[in-house]
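Residue-level listing of the chains:
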Amino acid sequence: QVHLVESGGGLVQAGGSLRLSCAASGRTFSSYAMGWFRQAPGKEREFVAAISWSGGSTYYTDSVKGRFTISRDNAKNTVYLQMNSLKPEDTAVYYCATAHIRTVVVVAGLYDYWGQGTQVTVSS
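Residues numbered from 1 in each chain as written. Predicted model: local features only at pLDDT ≥ 70, side-chain atom pairs only at ≥ 80, totals over all residues. Heavy atoms only, no water.

What to know about the overall build of the chain
A tally of helices and strands in the chain yields zero helices and eleven strands. Of the regular secondary structure in the chain, the N- to C-terminal order runs β-β-β-β-β-β-β-β-β-β-β. Against the globule reference of 14 Å for 124 residues, the chain gives a C-alpha radius of gyration of 13 Å, in line with a compact fold. Among the 124 residues that make up the chain, the fraction classed as buried is 44%. Here the contacts in the chain between residues at least 6 apart in sequence split such that 59% fall between residues at least 24 apart. Carbon and sulfur atoms make up 48% of the accessible area of the chain, which totals about 6200 Å². Of the side-chain charges in the chain, 11 are positive and 8 negative, and the distance between the mean point of each set is 5 Å. (Helix = DSSP H or I, 4+ residues; strand = E, 2+ residues; numbered from the N terminus. Rg over C-alpha atoms; globule rule 2.2 N^0.38 Å. Buried < 20%, exposed > 50% of the residue type's maximum accessible area, 1.4 Å probe, protein only. Contact = heavy atoms within 4.5 Å. Areas by Shrake-Rupley, 256 points an atom, 1.4 Å probe, with all protein chains shown as cover. Lys, Arg positive; Asp, Glu negative; His and termini not counted. Charge placed at Lys NZ, Arg CZ, Asp CG, Glu CD.)

Concerning the nonpolar core
If you look at the biggest cluster of nonpolar residues, it comprises 27 residues, and the most contacted ones within it are Trp-36, Leu-81, Met-83 and Tyr-94. At the level of secondary structure, the elements contributing two or more residues to this core comprise strand S3 (18-25), strand S4 (34-39), strand S5 (46-51), strand S7 (68-73), strand S8 (78-83), strand S9 (92-99) and strand S11 (118-123). The biggest single contributor to this core is S3, with four residues. Other than its neighbours up to four places away in sequence, Tyr-94 contacts Glu-6, Leu-20, Trp-36, Phe-37, Arg-38, Val-48, Phe-68, Leu-81, Met-83, Gly-117, Thr-118 and Val-120. Formed by eight residues, the second largest nonpolar core is a distinct cluster that contains Phe-47, Ala-50, Ala-99 and Tyr-111. (Core = buried A, V, L, I, M, F, W, Y, C linked by side-chain atoms within 4.5 Å.)

A look at the sheet that holds strand S1 (residues 3-7)
Judged by pairing direction, the sheet is antiparallel, and its four strands sit side by side in the order S1-S3-S8-S7 without closing on themselves. Edge strands, defined here as strands with exactly one partner in the open sheet, are S1 and S7. Across the sheet, the mean angle from the axis of one strand to that of its neighbour is 15°, orientation sign disregarded. Two strands pair when backbone bridges link them, and S1 and S3 are joined in this way by five bridges, in the antiparallel orientation. Its bridge partner being in S3, His-3 is matched across the sheet by Ser-25. (Pairing = 2+ DSSP bridges. Axes fitted to C-alpha atoms, helices over the stretch in contact; angles between N-to-C directions.)

Printed below as a string of structure tokens:
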């Protein structure tokens, strides 16, 4: 059984930064792609960023390009999402997920395990 635990969410003012972490267990972490998704109140879950098994490839949704950075530390079984220049529209519950695929994955349906989420609130 794969277990993902997100942390690092909180309340921040617009323009501020947060770093989310997702600790994984139960799978050979370094062999599989990881991703971050978010869901705002009343909206569908949306893709934010993804990283390949080695960290050599990353992909971002347009709205976060240049502001967010996804990275991973395979020695610590952890994936990160550094979020800078936060905006009120970034407010959402952020979820990490793992896919049984090595390359970057942007489709939610291809991820097979999900964390419980961490709340990010950006005040204006």
